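# Structural overview for review
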Amino acid sequence: MDGLDLLRLECRDKDIRNGGGFRAIARVDRYLGLRETIRKMELKNPLKCDVTLEDAALMYLAARILFPSSVLELPDRIKAAVIPEELGINPEHITPDLFYRMLDKFTVEIQEEIIKRVNREILNRFKWDFLYMQGNYRFEIASALGEELKEALLADIDTTIVHFEGKKCDLVKRCYNAANPAQIHGVKLVLAQMRSIKLPLFFPVVAGNAADVKQFRPTVMELEKLYPGERFIFTLDRAMFDGEDLKYAAEKHIVIIGGKLTKRVKEMWPKEEGFRLVKSELVPAGTTLKKYNVYAARKKVYFEEYKGELEAHFFYDEARADRERAENQVKASAMAQLRSKIEAMLLSEKGQKKLTKKLTKQIQAELGPLARQYKIDLKLMVEKIWNGEAIEEVDEDKWCGRFLLYSTSPKLKSSTVLEYYRGHAVVEEGVKTLKQTLEIRPVYLWNADRVRAYIFLVGMAYLFLSVILFCLPEKERRVDPSRFAEQRLNFTGEITRDKQGKKFVSEYIVDLNYILNQIDQKFKNSSQRHT
(Lines give C-alpha, C1' and ligand atoms only; values in the text may rest on other atoms or scores of the structure.)
Protein backbone atom coordinates (compact mmCIF):
# COMPACT_ATOMS: atom_id res chain seq x y z
CA MET A 1 0.00 0.00 0.00
CA ASP A 2 1.55 3.30 -1.07
CA GLY A 3 1.27 6.74 0.47
CA LEU A 4 -1.65 7.67 -1.78
CA ASP A 5 -3.74 4.72 -0.56
CA LEU A 6 -2.96 5.57 3.07
CA LEU A 7 -4.05 9.16 2.47
CA ARG A 8 -7.37 7.93 1.06
CA LEU A 9 -7.98 5.63 4.03
CA GLU A 10 -7.31 8.41 6.51
CA CYS A 11 -9.52 10.89 4.68
CA ARG A 12 -12.60 8.86 3.65
CA ASP A 13 -14.99 11.49 4.96
CA LYS A 14 -12.99 14.49 3.73
CA ASP A 15 -12.02 15.67 0.27
CA ILE A 16 -8.28 15.92 1.02
CA ARG A 17 -5.99 17.02 -1.82
CA ASN A 18 -2.26 17.61 -2.13
CA GLY A 19 -0.38 19.91 -4.52
CA GLY A 20 -1.83 22.98 -2.84
CA GLY A 21 0.89 25.21 -4.28
CA PHE A 22 -0.41 24.77 -7.83
CA ARG A 23 -1.71 28.34 -7.69
CA ALA A 24 1.88 29.63 -7.63
CA ILE A 25 2.57 27.75 -10.86
CA ALA A 26 -0.63 29.08 -12.41
CA ARG A 27 0.29 32.61 -11.29
CA VAL A 28 3.65 32.40 -13.10
CA ASP A 29 1.77 31.19 -16.19
CA ARG A 30 -0.37 34.31 -16.02
CA TYR A 31 2.75 36.42 -16.59
CA LEU A 32 4.78 34.16 -18.89
CA GLY A 33 1.82 33.12 -21.02
CA LEU A 34 2.32 29.40 -21.70
CA ARG A 35 -1.41 28.62 -21.91
CA GLU A 36 -2.23 31.90 -23.64
CA THR A 37 0.34 31.21 -26.36
CA ILE A 38 -1.14 27.76 -27.07
CA ARG A 39 -4.68 29.17 -26.95
CA LYS A 40 -3.87 31.86 -29.52
CA MET A 41 -2.76 29.20 -31.99
CA GLU A 42 -6.47 28.26 -32.19
CA LEU A 43 -6.00 24.52 -32.37
CA LYS A 44 -9.44 22.91 -32.66
CA ASN A 45 -9.80 20.52 -29.74
CA PRO A 46 -6.61 18.60 -30.60
CA LEU A 47 -6.92 16.16 -27.70
CA LYS A 48 -10.50 15.13 -28.65
CA CYS A 49 -11.77 15.42 -25.10
CA ASP A 50 -12.90 18.09 -22.64
CA VAL A 51 -9.31 18.82 -21.60
CA THR A 52 -7.69 21.55 -23.71
CA LEU A 53 -4.08 21.26 -24.86
CA GLU A 54 -3.05 24.31 -22.84
CA ASP A 55 -4.60 22.96 -19.62
CA ALA A 56 -3.08 19.52 -20.17
CA ALA A 57 0.35 21.09 -20.67
CA LEU A 58 0.16 23.14 -17.46
CA MET A 59 -1.28 20.19 -15.55
CA TYR A 60 1.59 17.87 -16.40
CA LEU A 61 4.16 20.64 -16.00
CA ALA A 62 2.84 21.24 -12.48
CA ALA A 63 2.84 17.51 -11.73
CA ARG A 64 6.54 17.37 -12.59
CA ILE A 65 7.25 20.11 -10.03
CA LEU A 66 4.93 18.93 -7.27
CA PHE A 67 5.51 15.17 -7.38
CA PRO A 68 8.27 14.46 -9.92
CA SER A 69 8.66 11.01 -11.41
CA SER A 70 10.28 9.84 -14.62
CA VAL A 71 7.34 7.45 -15.01
CA LEU A 72 4.92 9.22 -17.33
CA GLU A 73 1.55 7.80 -16.28
CA LEU A 74 0.56 9.87 -13.24
CA PRO A 75 -3.27 10.16 -13.48
CA ASP A 76 -3.90 8.91 -9.93
CA ARG A 77 -1.43 11.39 -8.44
CA ILE A 78 -2.93 14.26 -10.40
CA LYS A 79 -6.48 13.25 -9.47
CA ALA A 80 -5.45 13.25 -5.78
CA ALA A 81 -4.14 16.82 -6.13
CA VAL A 82 -5.99 20.12 -6.20
CA ILE A 83 -4.96 20.65 -9.85
CA PRO A 84 -8.17 19.37 -11.53
CA GLU A 85 -10.31 21.59 -9.28
CA GLU A 86 -8.19 24.65 -10.03
CA LEU A 87 -8.29 24.04 -13.80
CA GLY A 88 -11.93 22.94 -13.89
CA ILE A 89 -11.03 19.55 -15.35
CA ASN A 90 -13.16 16.44 -14.88
CA PRO A 91 -10.80 13.93 -13.16
CA GLU A 92 -12.29 11.13 -15.26
CA HIS A 93 -10.63 12.65 -18.34
CA ILE A 94 -7.16 12.42 -16.80
CA THR A 95 -5.78 9.19 -18.22
CA PRO A 96 -2.35 7.91 -19.31
CA ASP A 97 -3.51 8.19 -22.91
CA LEU A 98 -4.17 11.92 -22.42
CA PHE A 99 -0.47 12.52 -21.76
CA TYR A 100 0.64 10.72 -24.91
CA ARG A 101 -1.94 12.53 -27.05
CA MET A 102 -0.71 15.82 -25.61
CA LEU A 103 2.91 14.98 -26.50
CA ASP A 104 1.86 14.15 -30.06
CA LYS A 105 0.19 17.55 -30.45
CA PHE A 106 3.00 19.47 -28.75
CA THR A 107 4.81 20.12 -32.01
CA VAL A 108 8.11 21.91 -32.57
CA GLU A 109 6.11 24.92 -33.85
CA ILE A 110 4.20 25.17 -30.56
CA GLN A 111 7.44 24.80 -28.60
CA GLU A 112 9.11 27.59 -30.62
CA GLU A 113 6.17 29.96 -30.09
CA ILE A 114 6.25 29.32 -26.33
CA ILE A 115 10.02 29.86 -26.15
CA LYS A 116 9.69 33.15 -28.08
CA ARG A 117 6.90 34.38 -25.81
CA VAL A 118 8.59 33.32 -22.57
CA ASN A 119 11.95 34.83 -23.48
CA ARG A 120 10.30 38.07 -24.59
CA GLU A 121 8.53 38.32 -21.25
CA ILE A 122 11.74 37.54 -19.35
CA LEU A 123 13.68 40.19 -21.27
CA ASN A 124 10.96 42.84 -21.03
CA ARG A 125 10.32 42.34 -17.33
CA PHE A 126 13.68 41.27 -15.93
CA LYS A 127 16.42 42.96 -17.92
CA TRP A 128 16.84 45.54 -15.17
CA ASP A 129 17.30 42.66 -12.70
CA PHE A 130 19.89 41.01 -14.99
CA LEU A 131 22.03 44.10 -14.91
CA TYR A 132 21.42 45.09 -11.31
CA MET A 133 22.33 41.63 -10.03
CA GLN A 134 25.45 41.62 -12.16
CA GLY A 135 26.52 44.62 -10.11
CA ASN A 136 29.80 43.00 -9.09
CA TYR A 137 30.86 42.99 -12.72
CA ARG A 138 29.18 46.08 -14.20
CA PHE A 139 31.82 48.67 -13.30
CA GLU A 140 34.67 46.73 -14.85
CA ILE A 141 32.65 45.90 -17.95
CA ALA A 142 31.74 49.54 -18.42
CA SER A 143 35.24 50.85 -17.84
CA ALA A 144 37.05 48.14 -19.78
CA LEU A 145 34.82 47.68 -22.79
CA GLY A 146 33.11 50.98 -23.25
CA GLU A 147 29.50 52.07 -23.09
CA GLU A 148 28.28 49.76 -25.86
CA LEU A 149 28.95 46.57 -23.86
CA LYS A 150 28.20 47.65 -20.31
CA GLU A 151 24.77 46.00 -20.51
CA ALA A 152 25.99 42.66 -21.82
CA LEU A 153 23.98 39.75 -20.42
CA LEU A 154 26.04 37.06 -18.70
CA ALA A 155 24.96 33.58 -19.80
CA ASP A 156 26.28 30.06 -19.19
CA ILE A 157 26.00 27.11 -21.59
CA ASP A 158 26.43 23.44 -20.74
CA THR A 159 25.44 20.04 -22.13
CA THR A 160 24.29 16.86 -20.45
CA ILE A 161 23.15 13.36 -21.38
CA VAL A 162 19.57 12.33 -20.55
CA HIS A 163 19.59 8.53 -20.56
CA PHE A 164 16.77 6.29 -21.76
CA GLU A 165 15.22 3.00 -20.76
CA GLY A 166 13.69 2.09 -24.09
CA LYS A 167 14.34 1.57 -27.76
CA LYS A 168 16.62 3.69 -29.90
CA CYS A 169 15.20 6.20 -32.38
CA ASP A 170 16.49 8.99 -34.63
CA LEU A 171 17.16 11.13 -31.55
CA VAL A 172 18.08 8.52 -28.94
CA LYS A 173 21.56 7.25 -29.74
CA ARG A 174 24.28 5.18 -28.17
CA CYS A 175 26.49 7.52 -26.15
CA TYR A 176 29.15 7.37 -23.48
CA ASN A 177 28.35 8.48 -19.96
CA ALA A 178 31.56 8.61 -17.92
CA ALA A 179 29.63 8.91 -14.64
CA ASN A 180 27.63 5.76 -15.36
CA PRO A 181 28.86 3.58 -18.26
CA ALA A 182 25.82 1.32 -17.86
CA GLN A 183 23.63 4.10 -19.29
CA ILE A 184 24.36 3.56 -22.96
CA HIS A 185 21.46 5.27 -24.77
CA GLY A 186 20.30 8.85 -24.49
CA VAL A 187 19.81 12.30 -25.96
CA LYS A 188 21.91 15.39 -25.39
CA LEU A 189 20.31 18.41 -23.74
CA VAL A 190 21.91 21.82 -24.23
CA LEU A 191 21.11 24.26 -21.42
CA ALA A 192 21.62 28.02 -21.75
CA GLN A 193 20.98 29.90 -18.52
CA MET A 194 21.04 33.52 -17.40
CA ARG A 195 23.68 33.80 -14.68
CA SER A 196 22.33 36.51 -12.42
CA ILE A 197 18.75 35.29 -11.99
CA LYS A 198 19.35 31.58 -12.67
CA LEU A 199 16.64 31.33 -15.33
CA PRO A 200 16.97 28.91 -18.26
CA LEU A 201 16.66 30.73 -21.59
CA PHE A 202 16.87 27.90 -24.05
CA PHE A 203 17.11 24.09 -23.80
CA PRO A 204 17.29 22.38 -27.21
CA VAL A 205 17.65 18.62 -27.62
CA VAL A 206 20.04 16.95 -30.06
CA ALA A 207 21.02 13.37 -30.81
CA GLY A 208 22.79 11.58 -27.97
CA ASN A 209 25.92 10.99 -30.02
CA ALA A 210 26.24 14.63 -31.12
CA ALA A 211 29.57 16.19 -30.15
CA ASP A 212 29.57 18.88 -27.45
CA VAL A 213 31.91 20.99 -29.56
CA LYS A 214 29.21 21.40 -32.24
CA GLN A 215 26.50 22.77 -29.93
CA PHE A 216 27.83 26.25 -29.15
CA ARG A 217 27.26 28.04 -32.45
CA PRO A 218 23.64 26.83 -32.98
CA THR A 219 22.83 27.85 -29.41
CA VAL A 220 24.28 31.34 -29.92
CA MET A 221 22.33 31.75 -33.16
CA GLU A 222 19.06 30.80 -31.47
CA LEU A 223 19.69 33.16 -28.55
CA GLU A 224 20.39 35.95 -31.05
CA LYS A 225 16.96 35.30 -32.56
CA LEU A 226 15.28 35.25 -29.16
CA TYR A 227 17.18 38.33 -27.91
CA PRO A 228 17.74 40.46 -31.04
CA GLY A 229 20.24 43.24 -30.54
CA GLU A 230 21.41 41.99 -27.14
CA ARG A 231 25.07 41.29 -26.37
CA PHE A 232 26.14 38.34 -24.26
CA ILE A 233 29.12 37.21 -22.24
CA PHE A 234 29.20 33.42 -22.58
CA THR A 235 31.07 31.00 -20.34
CA LEU A 236 31.67 27.51 -21.71
CA ASP A 237 33.20 24.25 -20.62
CA ARG A 238 36.39 23.34 -22.45
CA ALA A 239 34.56 20.46 -24.21
CA MET A 240 32.87 23.11 -26.40
CA PHE A 241 36.14 24.66 -27.60
CA ASP A 242 36.01 25.21 -31.38
CA GLY A 243 38.02 27.97 -33.05
CA GLU A 244 35.56 28.71 -35.88
CA ASP A 245 32.55 28.88 -33.55
CA LEU A 246 34.44 31.13 -31.13
CA LYS A 247 35.28 33.41 -34.05
CA TYR A 248 31.62 33.63 -35.03
CA ALA A 249 30.48 34.45 -31.48
CA ALA A 250 33.34 36.91 -30.83
CA GLU A 251 32.08 39.22 -33.59
CA LYS A 252 29.19 40.33 -31.35
CA HIS A 253 29.80 38.82 -27.94
CA ILE A 254 32.50 37.90 -25.43
CA VAL A 255 33.35 34.25 -24.80
CA ILE A 256 35.23 32.81 -21.82
CA ILE A 257 36.10 29.15 -22.15
CA GLY A 258 38.17 26.63 -20.25
CA GLY A 259 41.41 25.32 -21.75
CA LYS A 260 43.09 21.93 -21.47
CA LEU A 261 46.52 21.40 -19.91
CA THR A 262 47.91 19.94 -23.10
CA LYS A 263 51.61 19.39 -23.85
CA ARG A 264 51.61 22.65 -25.84
CA VAL A 265 50.09 24.58 -22.93
CA LYS A 266 52.58 23.15 -20.44
CA GLU A 267 55.46 24.13 -22.72
CA MET A 268 54.31 27.73 -22.95
CA TRP A 269 53.34 28.03 -19.25
CA PRO A 270 54.70 31.37 -17.92
CA LYS A 271 57.56 31.41 -15.45
CA GLU A 272 56.71 31.85 -11.79
CA GLU A 273 57.93 35.45 -11.72
CA GLY A 274 55.32 36.30 -14.34
CA PHE A 275 52.41 35.56 -11.98
CA ARG A 276 50.75 38.17 -9.79
CA LEU A 277 48.20 37.97 -6.99
CA VAL A 278 44.60 38.40 -8.24
CA LYS A 279 42.53 37.04 -5.37
CA SER A 280 42.75 36.01 -1.71
CA GLU A 281 40.09 33.99 0.06
CA LEU A 282 39.49 32.22 3.36
CA VAL A 283 38.72 28.52 2.96
CA PRO A 284 37.55 26.18 5.77
CA ALA A 285 40.38 23.89 6.91
CA GLY A 286 39.19 21.67 9.71
CA THR A 287 37.93 23.89 12.54
CA THR A 288 39.69 27.02 11.27
CA LEU A 289 39.85 29.20 8.19
CA LYS A 290 42.98 29.16 6.07
CA LYS A 291 43.98 31.93 3.71
CA TYR A 292 44.63 30.86 0.13
CA ASN A 293 45.78 32.98 -2.81
CA VAL A 294 45.12 32.80 -6.52
CA TYR A 295 47.83 34.00 -8.90
CA ALA A 296 47.52 34.74 -12.61
CA ALA A 297 49.59 35.51 -15.69
CA ARG A 298 48.44 36.19 -19.22
CA LYS A 299 49.66 36.17 -22.80
CA LYS A 300 48.22 36.10 -26.31
CA VAL A 301 48.06 32.71 -28.02
CA TYR A 302 47.50 32.27 -31.74
CA PHE A 303 45.06 29.59 -32.96
CA GLU A 304 44.99 28.60 -36.60
CA GLU A 305 41.32 27.59 -36.61
CA TYR A 306 40.39 30.83 -34.80
CA LYS A 307 42.49 32.75 -37.35
CA GLY A 308 43.69 35.05 -34.65
CA GLU A 309 44.82 35.40 -31.06
CA LEU A 310 42.95 34.53 -27.90
CA GLU A 311 43.81 36.01 -24.53
CA ALA A 312 45.14 33.15 -22.42
CA HIS A 313 44.85 33.53 -18.63
CA PHE A 314 47.05 31.14 -16.62
CA PHE A 315 46.06 30.56 -13.00
CA TYR A 316 47.57 28.94 -9.93
CA ASP A 317 45.04 28.38 -7.14
CA GLU A 318 46.59 27.34 -3.80
CA ALA A 319 43.35 25.88 -2.41
CA ARG A 320 42.77 23.89 -5.57
CA ALA A 321 46.38 22.67 -5.47
CA ASP A 322 46.00 21.29 -1.94
CA ARG A 323 42.73 19.60 -2.89
CA GLU A 324 44.13 18.03 -6.07
CA ARG A 325 47.26 16.76 -4.29
CA ALA A 326 45.09 15.01 -1.72
CA GLU A 327 42.96 13.53 -4.52
CA ASN A 328 46.10 12.36 -6.35
CA GLN A 329 47.30 10.52 -3.27
CA VAL A 330 44.01 8.67 -2.94
CA LYS A 331 43.91 7.91 -6.68
CA ALA A 332 47.50 6.64 -6.65
CA SER A 333 46.60 4.30 -3.80
CA ALA A 334 43.56 3.06 -5.76
CA MET A 335 45.70 2.47 -8.87
CA ALA A 336 48.21 0.46 -6.85
CA GLN A 337 45.38 -1.60 -5.38
CA LEU A 338 43.89 -2.22 -8.84
CA ARG A 339 47.26 -3.17 -10.31
CA SER A 340 47.92 -5.70 -7.57
CA LYS A 341 44.51 -7.33 -8.00
CA ILE A 342 44.72 -7.34 -11.82
CA GLU A 343 48.17 -8.98 -11.74
CA ALA A 344 46.88 -11.65 -9.37
CA MET A 345 43.85 -12.36 -11.57
CA LEU A 346 45.99 -12.52 -14.73
CA LEU A 347 48.16 -15.30 -13.31
CA SER A 348 45.49 -17.83 -14.33
CA GLU A 349 45.93 -16.72 -17.96
CA LYS A 350 49.72 -17.00 -18.03
CA GLY A 351 50.93 -18.51 -21.28
CA GLN A 352 47.76 -17.59 -23.17
CA LYS A 353 48.00 -15.43 -26.30
CA LYS A 354 45.06 -13.25 -25.29
CA LEU A 355 42.68 -12.73 -22.44
CA THR A 356 39.55 -14.84 -22.29
CA LYS A 357 36.18 -13.10 -22.31
CA LYS A 358 35.28 -14.83 -19.06
CA LEU A 359 38.23 -13.29 -17.18
CA THR A 360 37.66 -9.88 -18.79
CA LYS A 361 34.06 -9.88 -17.54
CA GLN A 362 35.20 -11.05 -14.10
CA ILE A 363 37.72 -8.18 -13.84
CA GLN A 364 35.07 -5.64 -14.90
CA ALA A 365 32.55 -7.02 -12.41
CA GLU A 366 34.95 -7.09 -9.44
CA LEU A 367 37.12 -4.03 -10.09
CA GLY A 368 34.84 -1.84 -12.23
CA PRO A 369 33.20 0.05 -9.32
CA LEU A 370 36.59 1.04 -7.83
CA ALA A 371 37.92 2.12 -11.24
CA ARG A 372 34.81 4.24 -11.96
CA GLN A 373 35.00 5.87 -8.54
CA TYR A 374 38.44 7.28 -9.34
CA LYS A 375 37.88 7.66 -13.11
CA ILE A 376 40.51 5.07 -14.02
CA ASP A 377 40.34 3.42 -17.45
CA LEU A 378 40.23 -0.20 -16.28
CA LYS A 379 40.25 -1.72 -19.77
CA LEU A 380 43.38 0.20 -20.76
CA MET A 381 45.06 -0.66 -17.48
CA VAL A 382 44.41 -4.38 -17.98
CA GLU A 383 45.76 -4.25 -21.54
CA LYS A 384 48.97 -2.52 -20.45
CA ILE A 385 49.62 -4.94 -17.60
CA TRP A 386 48.92 -7.89 -19.91
CA ASN A 387 51.35 -6.51 -22.54
CA GLY A 388 53.98 -5.56 -19.96
CA GLU A 389 53.71 -1.85 -20.77
CA ALA A 390 54.35 0.95 -18.29
CA ILE A 391 51.33 2.56 -16.64
CA GLU A 392 51.26 6.34 -16.47
CA GLU A 393 51.48 7.67 -12.97
CA VAL A 394 48.94 10.10 -11.51
CA ASP A 395 49.48 13.69 -12.72
CA GLU A 396 52.57 15.34 -11.32
CA ASP A 397 52.01 17.45 -8.23
CA LYS A 398 53.66 20.42 -9.95
CA TRP A 399 50.53 20.85 -12.12
CA CYS A 400 48.09 20.68 -9.22
CA GLY A 401 46.12 23.90 -8.86
CA ARG A 402 47.05 25.10 -12.34
CA PHE A 403 44.40 25.77 -14.96
CA LEU A 404 43.86 27.86 -18.06
CA LEU A 405 41.03 30.08 -19.31
CA TYR A 406 40.72 31.76 -22.69
CA SER A 407 38.90 35.00 -23.42
CA THR A 408 37.97 36.49 -26.78
CA SER A 409 38.28 39.98 -25.26
CA PRO A 410 41.78 41.29 -24.48
CA LYS A 411 40.31 43.99 -22.23
CA LEU A 412 39.00 41.80 -19.40
CA LYS A 413 41.24 41.49 -16.36
CA SER A 414 42.30 38.04 -15.18
CA SER A 415 40.39 38.54 -11.92
CA THR A 416 37.18 39.23 -13.87
CA VAL A 417 37.69 36.25 -16.16
CA LEU A 418 38.18 34.06 -13.09
CA GLU A 419 35.00 35.29 -11.40
CA TYR A 420 32.96 34.89 -14.58
CA TYR A 421 34.13 31.34 -15.12
CA ARG A 422 33.72 30.28 -11.49
CA GLY A 423 30.10 31.33 -11.75
CA HIS A 424 29.67 28.73 -14.51
CA ALA A 425 28.63 26.36 -11.73
CA VAL A 426 25.17 28.01 -11.89
CA VAL A 427 24.31 26.16 -15.10
CA GLU A 428 25.71 22.92 -13.65
CA GLU A 429 23.28 23.38 -10.75
CA GLY A 430 20.54 23.72 -13.35
CA VAL A 431 21.50 20.38 -14.86
CA LYS A 432 21.39 18.87 -11.37
CA THR A 433 17.90 20.30 -10.79
CA LEU A 434 16.64 18.79 -14.04
CA LYS A 435 18.05 15.37 -13.22
CA GLN A 436 17.48 15.13 -9.47
CA THR A 437 14.69 17.53 -8.52
CA LEU A 438 12.53 17.09 -11.64
CA GLU A 439 13.66 13.52 -12.42
CA ILE A 440 13.95 14.04 -16.17
CA ARG A 441 15.61 10.64 -16.49
CA PRO A 442 15.37 7.80 -17.27
CA VAL A 443 12.99 8.39 -20.18
CA TYR A 444 10.61 5.64 -21.28
CA LEU A 445 9.81 6.93 -24.78
CA TRP A 446 11.22 6.00 -28.18
CA ASN A 447 9.38 8.31 -30.58
CA ALA A 448 11.61 11.29 -31.47
CA ASP A 449 8.78 13.86 -31.55
CA ARG A 450 7.45 12.70 -28.19
CA VAL A 451 10.97 12.79 -26.74
CA ARG A 452 11.38 16.44 -27.80
CA ALA A 453 7.97 17.37 -26.40
CA TYR A 454 8.59 15.57 -23.12
CA ILE A 455 12.00 17.15 -22.50
CA PHE A 456 10.61 20.55 -23.49
CA LEU A 457 7.84 20.25 -20.87
CA VAL A 458 10.32 19.23 -18.17
CA GLY A 459 12.48 22.20 -19.22
CA MET A 460 9.47 24.48 -18.84
CA ALA A 461 8.80 22.98 -15.40
CA TYR A 462 12.38 23.91 -14.47
CA LEU A 463 11.79 27.44 -15.78
CA PHE A 464 8.56 27.86 -13.78
CA LEU A 465 10.19 26.56 -10.59
CA SER A 466 13.17 28.88 -11.16
CA VAL A 467 10.87 31.89 -11.65
CA ILE A 468 9.02 31.17 -8.40
CA LEU A 469 12.31 30.96 -6.50
CA PHE A 470 13.63 34.11 -8.19
CA CYS A 471 10.56 36.06 -7.06
CA LEU A 472 11.29 35.33 -3.40
CA PRO A 473 13.68 37.39 -1.23
CA GLU A 474 17.34 36.54 -1.73
CA LYS A 475 17.72 34.50 1.48
CA GLU A 476 14.78 32.26 0.54
CA ARG A 477 16.17 31.60 -2.95
CA ARG A 478 19.13 29.67 -1.57
CA VAL A 479 16.99 26.72 -0.50
CA ASP A 480 17.37 23.41 -2.30
CA PRO A 481 14.76 23.32 -5.13
CA SER A 482 13.60 19.81 -4.16
CA ARG A 483 13.00 20.84 -0.57
CA PHE A 484 11.20 24.01 -1.63
CA ALA A 485 8.85 22.15 -3.98
CA GLU A 486 8.14 19.44 -1.42
CA GLN A 487 7.70 21.62 1.67
CA ARG A 488 6.19 24.84 0.33
CA LEU A 489 4.35 23.84 -2.84
CA ASN A 490 3.20 20.23 -2.45
CA PHE A 491 1.14 20.69 0.71
CA THR A 492 -2.24 19.14 1.52
CA GLY A 493 -5.58 20.73 2.24
CA GLU A 494 -9.32 20.07 2.14
CA ILE A 495 -11.86 21.00 -0.51
CA THR A 496 -14.85 22.43 1.38
CA ARG A 497 -18.21 23.51 0.00
CA ASP A 498 -20.42 26.33 1.21
CA LYS A 499 -22.87 28.84 -0.26
CA GLN A 500 -20.05 30.61 -2.08
CA GLY A 501 -18.97 27.35 -3.74
CA LYS A 502 -15.84 25.21 -3.39
CA LYS A 503 -12.88 26.38 -1.34
CA PHE A 504 -9.45 24.90 -0.68
CA VAL A 505 -8.55 25.14 3.02
CA SER A 506 -5.10 24.44 4.46
CA GLU A 507 -2.83 25.66 7.25
CA TYR A 508 -0.29 26.50 4.53
CA ILE A 509 -2.55 28.95 2.67
CA VAL A 510 -0.95 31.92 4.44
CA ASP A 511 2.48 30.95 3.12
CA LEU A 512 1.02 30.32 -0.35
CA ASN A 513 -0.56 33.78 -0.37
CA TYR A 514 2.84 35.20 0.60
CA ILE A 515 4.46 33.42 -2.38
CA LEU A 516 1.72 34.66 -4.72
CA ASN A 517 2.22 38.20 -3.46
CA GLN A 518 5.98 37.96 -4.02
CA ILE A 519 5.39 36.79 -7.61
CA ASP A 520 3.01 39.67 -8.29
CA GLN A 521 5.38 42.22 -6.80
CA LYS A 522 8.41 40.94 -8.71
CA PHE A 523 6.68 41.04 -12.09
CA LYS A 524 5.03 44.38 -11.39
CA ASN A 525 8.21 46.05 -10.09
CA SER A 526 10.42 44.60 -12.81
CA SER A 527 8.03 45.79 -15.49
CA GLN A 528 7.96 49.31 -14.01
CA ARG A 529 11.78 49.49 -13.76
CA HIS A 530 12.15 48.35 -17.36
CA THR A 531 9.66 50.95 -18.52
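In what follows, the accompanying structure is described. (Residues numbered from 1 in each chain as written. Predicted model: local features only at pLDDT ≥ 70, side-chain atom pairs only at ≥ 80, totals over all residues. Heavy atoms only, no water.)

## Points about empty space enclosed by the protein
Here the structure, examined in full by the defined rule, presents one cavity of 30 Å³ or more. One number sums up the size of the largest cavity: a volume of about 110 Å³. Every element with two or more residues in the lining of the largest cavity is listed here: α4 (53–66) and α18 (448–471). No other element matches the four residues that α4 contributes to the lining of the largest cavity. Split by residue class, the lining of the largest cavity holds 10 nonpolar, no polar and one charged. (1 Å grid on protein atoms, 1.4 Å probe; cavity = no way out; pocket = protein on both sides within 12 Å on 5 of 7 lines; lining within 4 Å. Points joined across faces, edges and corners; volume = space filled by probe spheres on them. Helix = DSSP H or I, 4+ residues; strand = E, 2+ residues; numbered from the N terminus. Nonpolar A, V, L, I, M, F, W, Y, C, P; charged D, E, K, R; others polar.)

## A closer look at the pattern of salt bridges
Scanning the model with the defined rule gives 31 salt bridges in all. Glu311 is the salt-bridge partner of Lys300, the closest N and O atoms lying 2.9 Å from each other. Pair noted here: Lys300 is in strand β10 (residues 288–303) and Glu311 is in strand β11 (residues 308–317), with a separation of 11 residues, a long-range link. With relative accessibility at 7%, the residue Glu311 sits in the buried group. One salt-bridge network, held together by shared partners, links Glu36, Lys40, Arg117 and Glu121. (Salt bridge = Lys/Arg side-chain N within 4 Å of Asp/Glu carboxyl O. Buried < 20%, exposed > 50% of the residue type's maximum accessible area, 1.4 Å probe, protein only.)

## Digging into the sheet that holds strand β13 (residues 493–498)
The strand order β1-β13-β14 describes an open sheet built from three strands, whose pairing is antiparallel. Of all strands in the sheet, those with a lone pairing partner are β1 (16–17) and β14 (501–505), marking the two edges. In this structure, β13 lies alongside β14, joined through five bridges in antiparallel fashion. Each residue of the ladder has a partner; that of Thr496, found in β14, is Lys503. (Pairing = 2+ DSSP bridges.)

## Here we look at the environment of Gly423
Assignment of secondary structure puts Gly423 in the loop between α16 (414–422) and α17 (425–437). Given the relative accessible area of 16%, Gly423 is considered buried. A C-alpha to C-alpha distance of 7.5 Å links Gly423 and Arg195, two positions 228 residues apart in sequence. Setting aside its immediate chain neighbours within four residues, Gly423 contacts Asp156 and Arg195. (Contact = heavy atoms within 4.5 Å.)

Keep in mind these values describe shape, not function.
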